[in-house]
Structure formats: structure tokens, C-alpha cells
Amino acid sequence: MIDDRYIEIYNLVKAYPNPFGESVAVVDGFNLTVKKGEIIGVIGHSGCGKSTVLTMLAGLNDITDGGIIVAGREISGPGPDRAVVFQSPCLLPWMSAYGNVMLGVKQCYPHASRAQRRIIVEYALNVVGLADSMHKYPRELSGGMQQRVGIARAIALKPKVLLLDEPFGRLDSLTRMELQDVILGILDREKITTLLITHDPDEAIYMCDRICMMTNGPHARVGQVLPIGFERPRDRDALMETDQFYQYRQRLLQFLDDCEAEKEGRGALRFDPPETVANPLPPAAGLSEA
Ligand SMILES: Nc1ncnc2c1ncn2[C@@H]1O[C@H](COP(=O)(O)OP(=O)(O)OP(=O)(O)O)[C@@H](O)[C@H]1O
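Residues numbered from 1 in each chain as written. Predicted model: local features only at pLDDT ≥ 70, side-chain atom pairs only at ≥ 80, totals over all residues.

### Points about the overall build of the protein chain
Helix and strand content of the protein chain: eight helices and ten strands. Computed over the C-alpha atoms, the radius of gyration of the protein chain is 19 Å, within 12% of the 19 Å expected from 2.2 N^0.38 for a compact globule of 290 residues. Intrachain contacts of the protein chain at a sequence separation of at least 6 include 71% that bridge at least 24 residues. (Helix = DSSP H or I, 4+ residues; strand = E, 2+ residues; numbered from the N terminus. Rg over C-alpha atoms; globule rule 2.2 N^0.38 Å. Contact = placed C-beta atoms within 7 Å.)

### Considerations on helix α4 (residues 143–155)
Over its 13 residues, α4 runs 19 Å from end to end, which matches the ideal 18 Å to within 8%, given 1.5 Å per residue. When you tally the buried positions in α4, you get ten out of 13 residues, the bulk of the element. By the burial criterion, the buried members of α4 are Gln146, Gln147, Arg148, Val149, Gly150, Ile151, Ala152, Arg153, Ala154 and Ile155. Along its buried surface, α4 packs onto β6 (82–85), α2 (97–108), α3 (114–127), β7 (161–165) and α5 (173–190). (Expected span 1.5 Å × (residues − 1). Buried ≥ 20, exposed ≤ 12 C-beta atoms within 10 Å, placed from the backbone.)

### Section: the site of the ligand
Taken together, Tyr16, Val26, Gly44, Ser46, Gly47, Cys48, Gly49, Lys50, Ser51, Thr52 and Gly217 make up all the residues around the ligand. Sorting elements by how many residues they give to the shell around the ligand places helix α1 (residues 50–58) first, with three residues. Of the residues belonging to the shell around the ligand, the class tally is three nonpolar, seven polar and one charged. (Near = placed C-beta within 6 Å. Nonpolar A, V, L, I, M, F, W, Y, C, P; charged D, E, K, R; others polar.)

### Overview of the pairing of strand β4 (residues 65–70)
Of the pairings in the sheet, the one linking strand β1 (residues 7–17) to β4 comprises five bridges and is antiparallel in character. In the strand pairing of β4, Tyr10 is matched with Gly67. Relative to strand β5 (residues 73–74), β4 runs antiparallel, the two sharing two bridges. When the sheet's bridge partners are listed, Ile69 is paired in β5 with Glu74. The hairpin formed by β4 and β5 contains two residues between the paired strands, and Ala71 there has a positive phi angle of roughly 50 degrees. (Pairing = 2+ DSSP bridges.)

### Section: the sheet that holds strand β2 (residues 23–34)
Taken together, the four strands give an open sheet; going across it, the order is β2-β1-β4-β5, and neighbouring strands pair in antiparallel fashion. At either end of the open sheet lies a strand with only one pairing partner, and these are β2 and β5.

### Focus on the domain arrangement of the protein chain
It is common to report an interface's size as the accessible area lost on association of the parts. Considered domain by domain, the protein chain is made up of domain 1 (1–81 + 161–290) and domain 2 (92–158). The gap between the C-alpha centroids of domain 1 and domain 2 is 27 Å. Residue-level contacts link ten residues of domain 1 with twelve residues of domain 2. Taken together, the residues of the side of domain 1 that touches domain 2 break down into eight nonpolar, one polar and one charged. (Domains from an automatic or database assignment.)

### Topic: the sheet that holds strand β9 (residues 210–214)
As a general point, the strands of a sheet are linked pairwise by backbone hydrogen bonds and lie either parallel or antiparallel. Spatial ordering of the open sheet is given by β6-β7-β8-β3-β9-β10, a layout of six strands whose pairing is mixed. With partners counted over all chains shown, the strands left at the sheet margins are β6 and β10 (222–227), one partner each. With strand direction ignored, the average angle separating the axes of adjacent strands in the sheet is 20 degrees. Across five bridges, β9 lies against β10 in antiparallel orientation. Within the sheet, the bridge partner assigned to Met213 lies in β10 and is Gln224. The strands touched by α4 within the sheet are β6 and β7, with β6 carrying the most contacts at an inclination of about 175 degrees. Seen against the sheet, helix α8 (residues 243–263) touches β3 (39–43), β9 and β10 and runs at an angle of roughly 175 degrees to β10. (Axes fitted to C-alpha atoms, helices over the stretch in contact; angles between N-to-C directions.)

What follows is the structure, given as C-alpha cells:
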């Protein structure tokens, strides 16, 4: 049962002050459950609140109302069970790729021996294809290689949940496809539950088991959820030869068009019956992460 509702986001609200000092609920009543090992995509127009949901799930952004439960525990801050890869990896320039990955590993495994930590770091850098470049500094690495370090840094923590915020957004299309496959290889092997924010419908269809479409903000929430019926692992070329792929793409583009029309007062959005996720924890158990 816990595996079917590995992540439970219930009635999530995030309010920010607007320029006039008034509190505005950017995200308002966001409900979603994610199964263990599932890859869930989140798409929606720029500024609708995708990163806001992700940073709350990462524990990096306070929750105004509602809550998030991961593996049966309500989150109350960041933790090594959830790792994030942002669009830009923000590596420390005075440290090598190895040093950048080691930094998190030291924090996460304070009791491991030096040899054990070295094995973890080298394994993570190997998995992302940086075996030969692990002692290079960020200035010596291409954008794609730097992002590989960012991915290695995340997976070295052996997270239960991987949060990807447009991780390929700054990369050329060839590097993007390479890194999509690197991540999919890791996810298929390690069965890490993943939330992927992307603006690219094709990327979402190729990578995800379901795609959550967010409505316009403020008061953004889940508009529709599209299950992707392709088995994983997937063959990119074979997928793109199916009619189903183009039907999925059409559904996503139609939703984004409808959002645009709604914003401009030209139409109304079609909603799936909203998922309601009740807080399944008694209040006392939901207070903190042990
Ligand atoms: N710290 C903050 N204070 C006030 N408003 C904020 C803050 N952070 C985000 N916002 C606002 O919240 C809304 C949602 O922002 P968010 O970055 O979550 O959107 P997004 O869907 O991820 O956008 P994009 O696709 O462009 O990355 C935006 O209107 C943004 O201006």
C-alpha cells in the first residue's frame, strides 16, 4: 500500500507576497500521489508553479498549507532521501568533479570510511560516464559534462526520490538525449521514484510513466494526468513510430493551448476529475521527520 502512495501530496498550498505585500496562493489545492519507482512528469506554462511544488517536495521551500508525505512520513525540511538536480548544476569551481560529488557524500555518510566514500563517488561518476574526467575542474568540463556531475552528485546520495527541475534545459539536443538515457538507465536500475519538470512534451512522453499537467497560476493545481502506456525501458526510435506517441503529444499540446486560451479569456480548461488526497497520517505522526 505504501508503495502505491509512495509520495502523497495533499491539498498543497504555497502563498508568496505580491509586490503590494498581499499574500497570493501561487499553488492552491495541488493533489497528487506517486507510486514507488514511478517517473512522473510535470508540465505547465512558465510561472505556473512547477518549481514551487518541486522545492516544497525537496523541503527547500516552506509549505503554506496541506502537506507532503514521502514513504509514510510527512516532510518538514530537506533530507538525504530526496536529491535535486536543477537546470544548472552550480558546481564549486575550486573543486574537481570528484571533489564536488564527495562534498555531499561526506555529509550524507559521516560514518563511512574514506575508502567507502571513494567507492561511492567513483561509482556515481562512472555511472554518468565521467570515469576519465573525474579529476577535471568545472572550467575544463562542457555544459553537458557539468550536468553529469550534478546528476552524479544527486545519485551518490542514494536517494529514494529524485527531483529533476528542467535538468536538460540548457543543453543542446544531442547532449539532452544522451543525458535522458543516462538518467533513465539509473532510474531503471535503481528504481528511484522521480519527479521531472520539463517544458518538452516529447521528453516527458519518452521518460515518464505519467504526466501531470498543471493549470495556470495563481491558484495552480493539477489539471489533467496523462498515463503513458509504453513499457520501460523504451526504445526512442520505435516509440516515435507509433501513433500513440503523437496522440499523447497532441493531448499535452492541447492542454497547454487550452491554458493559453483560458488566460486570454478565449475558453475554459477541461479538468480530469481532481484527485483528492486526504492527509493519511494522524496529526501527531505527521509533525516531523525522524
Ligand atoms: N520567492 C518568491 N517570492 C514571490 N513570488 C515567487 C517566489 N518564487 C516564485 N514566485 C512566483 O511564483 C510563481 C511560480 O513560480 P515557479 O518558479 O514555481 O514557476 P514555474 O512553473 O517553475 O516557472 P518556469 O517554468 O518559468 O520555471 C511565479 O509567478 C513566480 O513569480
